[in-house]
Amino acid sequence: MCRCSAYSERGCWMKIRLGRRAFRYNLTAFALLFIGYLFTTGTELIADESAKNVFRLSAFLVFVANIAISRSASYKFIVGLALFFVALTISQSLVAGNLVFLIVISASLKKLTAKEAALSLLIPTAIVALLHVVMLNSGMISSSATDFGGRSRTALGFTNANQVSILYASLAVLSLFAHLLFRSRKSLFCAALSFSAAFLVYTYSDSRTTFMGLAILVAVLLSNFLFFRFVSYRSLLILLATLFPVIAAGATYYLTTTVDPALNLVLSLRPYFFYEFVRNVTWVEFLFGWPTEGSGVDNLFLMLLSSLGAIGSAALLLGISAKIYRMKPIMVSIPIVLLALSVFESSLIRPEIPISPLFAYLMGTDLFNRPRNTNRALMPVLKQVT
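Report on the accompanying structure. (Residues numbered from 1 in each chain as written. Predicted model: local features only at pLDDT ≥ 70, side-chain atom pairs only at ≥ 80, totals over all residues. Heavy atoms only, no water.)

Bringing unusual backbone geometry into the picture now. For S268, which is not a glycine, the phi torsion comes out positive at approximately 55°. Turning to its location among the elements, S268 is positioned in the loop between α10 (261-266) and α11 (270-278). Residue classification places S268 among the buried positions, given a relative accessible area of 16%. Phi is positive for L269, which is not a glycine, with a value near 65°. (Helix = DSSP H or I, 4+ residues; strand = E, 2+ residues; numbered from the N terminus. Buried < 20%, exposed > 50% of the residue type's maximum accessible area, 1.4 Å probe, protein only.)

The structure is reproduced here in C-alpha cells:
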C-alpha cells in the first residue's frame, strides 16, 4: 500500500498508475521484438527484411513512447545515448546502432520494479517458446538435421541450431532471474521447467556454447547453495565476476591469435573466423572502430571492438566491471554466465535476444547494488584472497 498524506494522495495514485502503464508498454514492446524475431530471423516464416525492420521499429517506438510518458530519460541516459551516436557516426557500424537500442531499453525499464522488469522480459520469452513448440508440432516449421565436422545438429525449425539454443538459454536465465526475485515455489517450478527445456533442446541442437553456459550457471548455483553463507566465498565470487569482462576479453585475444589447428577444429573454426574478422583492420580502425560486413562474428568483444574501437570498448568493459563489483553477490552469477557465452556468441548486442535486454537492465539499474558500507567491509577480505 502506498503511504501518502491526503494532500499527496492523488500524486501517489498517479505514480502507481504510471508504474502499471510502464509495465504494459514494456511488455508490449518486448512481445513485438521477440515474436518478430521468431517469425523473421529465427524461423524465416516471414522471409522479408522489411518485416524484420517493422517489428524492430515498432518495438523501439513503444520504448521511446514509454520513456517520454514516464519521464525516465536521466542524465546518464542522455550522455550514453550521445556517446553511442558519436561511435555510430565514426565507425559506421550497425552494432553501435544496437547499443543505442539497448540504452533506450534500459531507460524504458527504469520506472519498473525489479519484479515487473523480470516479468516484462520473461512473459514474452515464454510466449515465444510456446509458439515455437506449437508451430513445430503443427508442422508450420520442420526440423531438419545437418552434419558438420562429424556432428549431427537439429535446428528444430530455426534457420540455425545456435538460434534455438540461445532462445531457450534465455528462457532459463530469465526464469532464474525471476526466481531470485520472487523466491516462491511457483518461480522455482518455472525455473526448473525452463532449465529442463533448455537442456532438452541442447540434446537436439548439440550447441556446445549453450551447454557450457548452462553448466557454468548450474555450477555457480550449486556453489552458492553450499558456500554462500561464508563471507570469503561471496568476496571471491564478486572478485571473479568483476574480473570476468577482462578474462573473457583475454580469452578472445588468445583465440584470435592462436594457430592451433586442433583447437580451431574443436571450436567449429571460430578462431579462424575471429582472425579473419580483424586481419585487414588498420590501426586507426582498431582504435576507433570500423563498419562490419554481413552479420559480423560470433564474439561480443570483437563486435564491440568494431563498433566502438579499442578505446571505447575498453572504457565500456571497465564500466561493466565496476558495475558488477557493486552488485549484490546473489546476482553476479548471471553476468558471469552471459559474459562466458559472449566469447562464442554475440547475443548480448542483439536486442531481439532476451538475454541482451536483461544484461542491459542489470548494467543500467541500481536496484541490485550492495550498500556502500558493504563495499568497504569487503576490501580486507578481497586483499586476503588475492
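Right, let's talk about the packing of aromatic side chains for a bit. Under the definition given, this model contains 13 aromatic pairs. Note on W283 and F286: the rings are 5.7 Å apart at their centroids and 80° apart in plane angle, and the pair reads as edge-to-face. Here the residue W283 and the residue F286 both occupy positions in helix α12 (residues 283-288), the gap between them amounting to three residues, near one helical turn. For W283, a relative accessible area of 67% gives the class exposed. Here the aromatic cluster, defined as three or more aromatic residues joined through ring pairs, consists of F30, F34, F60, F63 and F101. Positioned above the aromatic ring of F228 is the side chain of R234, whose terminal nitrogen or guanidinium carbon lies 5.7 Å from the ring centre. One Lys or Arg, R370, reaches over the ring of Y325 and ends 5.2 Å from the middle of that ring. (Phe/Tyr/Trp six-rings, centres within 6.5 Å; stacked < 30°, edge-to-face > 60°. Lys NZ or Arg CZ within 6 Å of the ring centre and 35° of its normal.)

What follows covers helix α6 (residues 161-182). Taking 1.5 Å per residue, 22 residues should reach 32 Å; α6 reaches 32 Å between its end C-alpha atoms and fits that length. The element α6 is extensively covered by neighbouring structure, given that 21 of its 22 residues are classed as buried. Put simply, N160 is the residue that caps the front of α6, since its side-chain oxygen is 2.6 Å from the backbone nitrogen of N162. One or two steps after α6, the chain reaches R183, where phi turns positive at roughly 55°. (Expected span 1.5 Å × (residues − 1). Polar contact = N/O pair within 3.5 Å; in protein donor to acceptor, adjacent residues only side chain to side chain.)

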